[in-house]
Amino acid sequence: MRSPKDFFAPLAVGAPDPVREIPALPSRMIHFFDPSNEKMAAKVPDLAKKVDVLLGNLEDAVRADRKEAARNGLVSIAKSTDFGATQLWTRINSLDSPWVLDDLITLVTEIGDKLDVIMVPKVEGAQDIHYVDRLLAQLEARAGLRRPLLVHAILETASGVANVEEIAGASPRMQGISLGPADLAASRRMKTTRVGGGHPGYLVRTDPVGDDLETGRTTYQQDLWHYTVARMVDACAMHGILPYYGPFGDIRDVVACEDQFRNAFLLGCVGTWTLHPVQIDIARRVFSPDPKDVAWARRVIAAMGDGTGAVMIDGKMQDDASVKQCRVVAELADALATRDPELAKAYDEATKEALA
Ligand SMILES: CC(=O)SCCNC(=O)CCNC(=O)[C@H](O)C(C)(C)COP(=O)(O)OP(=O)(O)OC[C@H]1O[C@@H](n2cnc3c(N)ncnc32)[C@H](O)[C@@H]1OP(=O)(O)O
Ligand SMILES: O=CC(=O)O
Ligand SMILES: [Mg+2]
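Remember, predicted model here, so these are calculated numbers, not experimental data.

Asker: How would you sum up empty space enclosed by the protein? Please name residues and give values.
Answerer: Under the counting rule described, the total for this entry stands at 3 cavities of 30 Å³ or more. Estimated volume of the largest cavity: approximately 80 Å³. Forming the walls of the largest cavity are Arg2, Ala9, Pro10, Leu11, Pro16, Pro18, Asp133, Ala137, Glu140, Pro148, Pro172 and Arg173. Approximately 40 Å³ is the volume found for the second largest cavity. In this structure, the second largest cavity is lined by Asp223, Trp225, His226, Val229, Tyr245, Gln260, Asn263, Ala264 and Leu267.

Asker: Summarise the pattern of salt bridges; cite the residues concerned and give the values.
Answerer: In total, this model carries 24 salt bridges according to the counting rule given. Across the pair Lys122 and Asp183 runs a salt bridge whose closest N-O atoms are separated by 3.1 Å. Residue Lys122 is found in the loop between strand E4 (117-120) and helix H4 (126-143), and its partner Asp183 is found in helix H7 (residues 181-188); the two are separated by 61 residues along the sequence. On the accessibility criterion, Lys122 (23% relative accessible area) is partly exposed. On the basis of relative accessibility, which here comes to 25%, the residue Asp183 falls in the partly exposed class. The salt bridge partner of Arg173 is Asp133, with a shortest N-O separation of 2.7 Å. Of this pair, Arg173 sits in the loop between helix H6 (164-168) and strand E6 (174-179) while Asp133 sits in helix H4, and the two are 40 residues apart along the sequence. According to the relative accessible area criterion, Arg173 is buried, its value standing at 7%. What you see here is one network of salt bridges that share partners, running through Arg28, Asp52, Asp281, Arg284, Arg339 and Asp340.

Asker: Lay out the UniProt feature "binding site: Mg(2+)" (unreviewed entry) in the protein chain with the relevant residues and their values.
Answerer: Here the UniProt feature "binding site: Mg(2+)" (unreviewed entry) sits at Glu156 and Asp183. Sequence-wise these annotated residues cover 28 residues; spatially they are packed, their C-alpha atoms never more than 5.2 Å apart. Mapping Glu156 onto the fold places it in the loop between strand E5 (150-155) and helix H5 (158-162). Apart from the residues within four sequence positions on either side, Glu156 is in contact with Pro121, Lys122, Gly180, Asp183, Leu184 and Ser187. Discounting chain neighbours no more than four positions away, the residues touching Asp183 are Asp60, Lys122 and Glu156.

Asker: So what about the layout of surface pockets? Which residues, and what values?
Answerer: As a volume, the largest pocket reaches approximately 880 Å³. Residue assignment for the lining of the largest pocket shows that the elements contributing at least two residues are helix H9 (254-267), helix H10 (280-287), helix H11 (291-303) and helix H12 (320-339). Considering each element in turn, the lining of the largest pocket owes the most residues, 8 residues, to H12. For the lining of the largest pocket, the per-class residue count stands at 21 nonpolar, 5 polar and 7 charged. Looking at which domains feed residues into the lining of the largest pocket, each of domain 1 (29-287) and domain 2 (291-355) gives three or more. Looking at the lining of the second largest pocket, the elements that each hand over two or more residues are H4 and H6. It is H6 that provides the largest number of residues to the lining of the second largest pocket, a total of 3 residues. Here the residues of the lining of the second largest pocket are counted per class, giving 12 nonpolar, 5 polar and 5 charged.

Conventions and cut-offs
- Residues numbered from 1 in each chain as written.
- Chains lettered and ligands numbered in written order.
- Predicted model: local features only at pLDDT ≥ 70, side-chain atom pairs only at ≥ 80, totals over all residues.
- Heavy atoms only, no water.
- 1 Å grid on protein atoms, 1.4 Å probe; cavity = no way out; pocket = protein on both sides within 12 Å on 5 of 7 lines; lining within 4 Å.
- Points joined across faces, edges and corners; volume = space filled by probe spheres on them.
- Salt bridge = Lys/Arg side-chain N within 4 Å of Asp/Glu carboxyl O.
- Helix = DSSP H or I, 4+ residues; strand = E, 2+ residues; numbered from the N terminus.
- Buried < 20%, exposed > 50% of the residue type's maximum accessible area, 1.4 Å probe, protein only.
- UniProt positions renumbered as here; feature names shortened; annotations may be inferred.
- Contact = heavy atoms within 4.5 Å.
- Nonpolar A, V, L, I, M, F, W, Y, C, P; charged D, E, K, R; others polar.
- Domains from an automatic or database assignment.

Listed below in structure tokens is the structure:
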């Protein structure tokens, strides 16, 4: 473990100073595209106007014989596109793969000034982050970068989950963590065959009435990912970094996708991955607080004055703890409003109505 005294010192001579705080930039959707896919690449300039984060994916879902094309495609897209306020991220290949070294050398050298965050898959423990941390510092120094690249880990191995707290705190570069339900299911030897979402077999059933075991016993499907998402959220909150839901692979099932995203939002996640354009509006809707909740939060904050004591609003007790929750919602709304004028209007109208 690094000494707290030198945690914020650069890991290579000439590398930029590490950040002391992770910027809470809007990142409701991390939209994945394959930079070697011409159709997807052609949509990037338009998508940049619609999403908070664009991610050039180099790992799984890119065929082995397209890895180089994806890497080079990302370099040329990054150089030729105006991303405005939209962040550009990449997902590199896994640390044991034959491609990752060239991914990092090429991307940091060629487009290190355009990239915001590097997503690292299949992280097992702090040692993986330490490896990337030092290598990035060396490459940043060589490329003369002034701004450090941030690192995002995917939680998709059983070891990663067991070590999630040390991963979250492994480096000042740690920006966030995403749930990777597909690889995690495989790593845990779960008996699912899906990319995220629930399973009809994972359920609880009401008790029998008398001796009849068959009739009237309602079943409730449970969330396979509750434990992992909750644990990830705690690890991230503890270290001041951001938690995200990951992929929802049933593109057609926009209803269950929205449910899964909302569960993650309510538990503390700030965003999710979007794999297909149809998921972008779902993520925007779910990960932007509802105008009614924003109006309520602003009303509680106004009524609570300096934030101490207790007041009654519409029959509900408010005190220091509820005003803190309201501040989370109100601050998120303020941050999103600066990026999204439609949301800003909806929040202000709902607030006026609530305070009238
Ligand atoms: C477990 C994990 O690791 S998840 C992360 C890795 N996986 C990914 O990144 C997957 C990314 N998404 C995809 O590859 C695709 O969306 C697929 C394969 C799921 C579906 O692709 P398609 O069969 O082409 O879907 P569909 O026909 O509905 O696409 C409609 C249009 O949207 C485009 N499109 C689809 N996905 C994307 C995307 N992620 N970004 C931009 N455009 C897209 C298609 O190219 C198509 O364009 P066109 O109208 O010009 O022909
Ligand atoms: O990479 C994501 C996953 O679910 O696996
Ligand atoms: Mg994966």
